[in-house]
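# Structural characterization, general
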Amino acid sequence: MSERTVKKLDGYDRVINCMPDKSMSVRAVLFNAYAVGKSTVNNLLLSDDVLSAVDCARRLGAKAELDGNTAHITGAPFIGCDLYCGNSGTTARLLIGLLSGLNGIFTVDGDESLRSRPMRRVIEPLRKMGAEITDNDGKLPVRIVGAGLKGIDYESPVASAQVKSAIMLAGLNARGLTRVTEPVRSRNHSENMLREMGVAVEVVGNSVAVAPSIVRATDFTVAGDISSAAYPICLALAVRGGNCTVRNVGINETRTGIIDVLRASGADLQYRNERGGAEPIADITVKQSELKPLEIGGDLIPRLVDEIPVLCALACFIDGVSVIRGARELRVKETDRIATTTAALTALGADITPTDDGMIIRGGKPLRFGTVDSMLDHRIAMTAAVAGAAGSGVHILNADCASVSYPNFYGEVIGD
């Protein structure tokens, strides 16, 4: 068990190069591994989850050579095999969708944490397409016998990019058109990438349609992950006199809910050096500001669901009552993040109350030093570090799980 003590910071003034986006990194690896031809993926995130995707690509028959954070990938027809996805829900769910329409017998498994996460939301629509999947009461491990699929028009009860992407990938090898409609639009990295790779993708409102297509290898440069940028941004806002610039952050509009929330709260936050196309990027500069309580709910949730824990940490330093609602999706992440965020911040003296679908934070009260168990959830470990650094310090159990999405988080963000 890894442990780490984070000390209280007396100030915060940093320029940070944003970590590459985990969602885009996993997709760039898996899509190109299946594609026809050779590709180069630059600025790949070398985190545990992405390395799990690389390992799966190799087991499936593709070549994936790493040169620093550049991947050279040669696609191949996937062969039946046993796959281990580690802690990566994105890798597992996307592969379940893609493999369902291919020849071969595949098993998809993961670590203890991933085995506890729901897969039925992906498996049920795939079965409607004709997929032959045996599951473990709706969880991993699953066994897939590749089958002929038919396109469906599926209305998803949840806004989930992983569910949407899995069905889209199955649709690549299905008869006819496959359409997914969400209650609210989720992140659209799969649509953007597959379109660039020659796939017939049509987006209308909250619906995405995919026609059977050949996927062609395409070079990508991965944008910076706004979920990773959230930690130094929130830390700068929480520490008196805080100031931070995070460079090369992806500002895809389906991911910038945190920016909308912080600006509405009164944050001094600016985009600089904007550039790019389907996946635009910018440098983000933020200065400590007098903030109003946070109000998070509704259509914002899919656009910032991964950032909610650290926003709760920031809310502890804002006078007044901050409210998160409509975020039931947090209960089926690596941990029940409503429960684990509440436990982590309560251990530091925060006044936070969980609800069925969110949390209520009564901020402006000093935090104390305490011990937080991350429960092997990378976002809880990093949230505890931010709260402790801006408060009175924290001792984190299972601290190294931050490497799942942010290698060297403590050195780069906290300065420890």
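Coordinates for the structure precede this section.
My aim in this report is to walk through the structure given alongside it, one point at a time. (Residues numbered from 1 in each chain as written. Predicted model: local features only at pLDDT ≥ 70, side-chain atom pairs only at ≥ 80, totals over all residues. Heavy atoms only, no water.)

On to the sheet that holds strand 20 (residues 295–296). With mixed pairing, four strands are arranged side by side in an open sheet as 20-21-23-22. Of all the strands in the sheet, just strand 20 and strand 22 (351–355) have a single pairing partner and so form its edges. With five bridges joining them, strand 22 and strand 23 (residues 358–363) adopt antiparallel strand pairing. Each bridged residue has a counterpart across the sheet, and for Thr 353 the counterpart in strand 23 is Ile 360. Contacting strand 20, strand 21 (320–324) and strand 23, helix 11 (residues 308–315) runs over the sheet at an angle of about 20° to strand 23. Of the strands in this sheet, strand 22 and strand 23 are in contact with helix 12 (residues 337–347), which crosses strand 22 at around 165°. (Pairing = 2+ DSSP bridges. Helix = DSSP H or I, 4+ residues; strand = E, 2+ residues; numbered from the N terminus. Contact = heavy atoms within 4.5 Å. Axes fitted to C-alpha atoms, helices over the stretch in contact; angles between N-to-C directions.)

A surface patch of nonpolar side chains, about 220 Å² in accessible area, is lined by Leu 46, Leu 51 and Leu 66. With respect to the helices and strands, Leu 66 occurs in strand 4 (residues 63–67). (Patch = residues over 30% accessible without salt bridge, like charges linked within 9 Å, V, L, I, M, F, W, Y side chains within 5 Å. Areas by Shrake-Rupley, 256 points an atom, 1.4 Å probe, with all protein chains shown as cover. Salt bridge = Lys/Arg side-chain N within 4 Å of Asp/Glu carboxyl O.)

With that settled, consider the packing of helix 3 (residues 89–99) against helix 6 (residues 161–171). The contact between helix 3 and helix 6 brings their axes to 7 Å, and the two run at 30°. Here helix 3 is positioned roughly parallel relative to helix 6, judged by the angle of their axes. Remark: the crossing between helix 3 and helix 6 carries right-handed chirality. Contact with helix 3, carried on its side by Gly 89, Thr 90, Arg 93, Leu 94, Gly 97 and Leu 98, involves Gln 162, Ser 165, Ala 166, Leu 169 and Ala 170 of helix 6 and no other residues of that element. Tallied by class, residues from the contact of helix 3 with helix 6 come to five nonpolar, five polar and one charged. (Parallel < 35°, antiparallel > 145°, perpendicular 65-115°, else oblique. Left-handed = near helix turned anticlockwise from the far one by under 90°. Nonpolar A, V, L, I, M, F, W, Y, C, P; charged D, E, K, R; others polar.)

Pairing between strand 3 (residues 38–42) and strand 5 (residues 70–74): four bridges, direction antiparallel. Bridge pairing in strand 5 places Ser 39 opposite Ile 73. Direction of pairing for strand 4 relative to strand 5: antiparallel, over a ladder of five bridges. Paired with Leu 66 across the bridge in strand 5 is Ala 71. Between the antiparallel neighbours strand 4 and strand 5 lie two residues, among them Gly 68 with a positive phi of about 65°.

Taken as a whole and assessed by the stated rule, the structure comprises zero disulfides. Considering cysteine sulfurs only, Cys 244 is the nearest to Cys 18, which forms no disulfide, with 10 Å between them. Given a relative accessible area of 9%, Cys 18 falls into the buried group. Counting only cysteine sulfurs, Cys 312 is the nearest neighbor of Cys 316, a cysteine outside any disulfide, at a range of 7.5 Å. (Disulfide = S-S within 2.5 Å. Buried < 20%, exposed > 50% of the residue type's maximum accessible area, 1.4 Å probe, protein only.)

Among all positions in helix 9 (residues 257–265), only Gly 257, Ile 258, Ile 259, Val 261, Leu 262 and Ser 265 are buried. The elements touched by buried residues of helix 9 are helix 8 (226–238), strand 18 (268–275), strand 19 (281–287), strand 20, helix 10 (301–304) and helix 11. Two residues or fewer after helix 9 comes Gly 266, characterised by a positive phi angle close to 105°.

Attention shifts here to the packing of aromatic side chains. Taken as a whole, this structure holds four aromatic pairs when the rule is applied. Plain terms: the ring middles of Tyr 34 and Phe 78 are 5.5 Å apart, the flat faces sit at 65° to each other, and that makes the pair edge-to-face. Of this pair, Tyr 34 sits in helix 1 (residues 22–34) while Phe 78 sits in the loop between strand 5 and strand 6 (82–84), and the two are 44 residues apart along the sequence. The pair formed by Tyr 34 and Phe 78 is uniform in burial state, with each residue classed as buried. Consider the rings of Phe 409 and Tyr 410, whose centres lie 5.0 Å apart with planes at 75°: the pair is edge-to-face. As far as burial versus exposure is concerned, Phe 409 and Tyr 410 are alike and both buried. Here the aromatic cluster, defined as three or more aromatic residues joined through ring pairs, consists of Tyr 231, Tyr 406, Phe 409 and Tyr 410. Over the aromatic face of Tyr 271 sits the side chain of Arg 263, whose NZ or CZ is 4.8 Å from the ring centroid. (Phe/Tyr/Trp six-rings, centres within 6.5 Å; stacked < 30°, edge-to-face > 60°. Lys NZ or Arg CZ within 6 Å of the ring centre and 35° of its normal.)

Everything listed here is a matter of geometry and, on its own, says nothing about what the molecule does.
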